[in-house]
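Structural features, examined
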Amino acid sequence: MRLRLFTASLALMIAGACAEAADRALTVTCAEAGALELTVPDTWTVEESRHDVRMPPTLTVSAPDGKAQWVVTAVWKAADRKPPSTLDEIRTRVTRTAQTVGAADAPLQPVPASAPAGYFFDAGGAITPEPFSMLRQGMLKVGELTVSFTAMGAAGRSADQDALVERLARASHRR
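Attention here is on the structure that accompanies the text. Note that this is a predicted model, so its numbers are computed, not measured.

So, the packing of aromatic side chains
What the rule picks out here adds up to one aromatic pair. Seen from their ring centres, Trp-44 and Trp-70 are 4.6 Å apart, and the 45° between their planes marks the pair as tilted. Of this pair, Trp-44 sits in the loop between strand S2 (35-41) and strand S3 (45-49) while Trp-70 is found in strand S5 (residues 68-75), placing the two residues 26 residues apart along the sequence. The exposure class assigned to Trp-44 is buried, which follows from its relative accessible area of 8%.

Below is the structure:
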């Protein structure tokens, strides 16, 4: 019995170590505002787009099977940009976004972190493009950055949406 428990414990520890090894660190340069640092699954593709190096970058992170996708944009305060920076401003912006996409009845949920850092809502159905049937959209503070995010997934892929929120809650802002 003890040998089975030991073997099971060892297998869980190895699996946990392998799961950690399956991530890669990503550093996204935010011009004069430093960088956003987060982890993404190692096998997922990452595309960064922006119109100008001084503008906020947008990341599109896609699962290899095409059934989950994350879109993340970090914004910082600049002369021509004043992103929401307080929790109340973020809540207002996320509420407005939910109304705009047709999910006004979706309850706002706080981003789980040591202290509330932002909000998101879940929706689905007609507002997501194929092959996605679920949407999670929100915004949170990471240091001095305001990060908006959208996680889309096919049926049965809600764990990917949870993973994005957890990763962003652990992300950091480096100056």
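Past the structure itself, the notes keep going.
Overview of unusual backbone geometry
Residues Glu-130 and Pro-131 are joined by a peptide bond in cis, for which omega reads 5°. With respect to the helices and strands, the residue Pro-131 is situated in the loop between strand S7 (118-124) and strand S8 (134-142). One non-glycine residue, Ala-31, lies in positive phi territory at about 45°. If you trace the backbone, Ala-31 turns up in the loop between strand S1 (23-29) and S2. The partly exposed category is assigned to Ala-31, whose relative accessible area is 28%.

Concerning the nonpolar core
If you look at the biggest cluster of nonpolar residues, it comprises 31 residues, and the most contacted ones within it are Leu-36 and Val-147. Breaking this core down by element, the ones donating at least two residues are S1, S2, strand S4 (58-62), S5, S8, strand S9 (145-153) and helix H3 (158-170). Ignoring anything within four residues of it in the chain, the contact list for Leu-36 reads Leu-26, Thr-27, Val-28, Cys-30, Val-72, Ala-74, Val-142, Leu-145, Val-147, Ala-171 and Ser-172. Counting residues in hydrophobic clusters, the runner-up holds 11 residues, among them Ala-98, Tyr-119, Phe-132 and Leu-135.

Procedures and definitions
- Residues numbered from 1 in each chain as written.
- Predicted model: local features only at pLDDT ≥ 70, side-chain atom pairs only at ≥ 80, totals over all residues.
- Heavy atoms only, no water.
- Phe/Tyr/Trp six-rings, centres within 6.5 Å; stacked < 30°, edge-to-face > 60°.
- Helix = DSSP H or I, 4+ residues; strand = E, 2+ residues; numbered from the N terminus.
- Buried < 20%, exposed > 50% of the residue type's maximum accessible area, 1.4 Å probe, protein only.
- Core = buried A, V, L, I, M, F, W, Y, C linked by side-chain atoms within 4.5 Å.
- Contact = heavy atoms within 4.5 Å.

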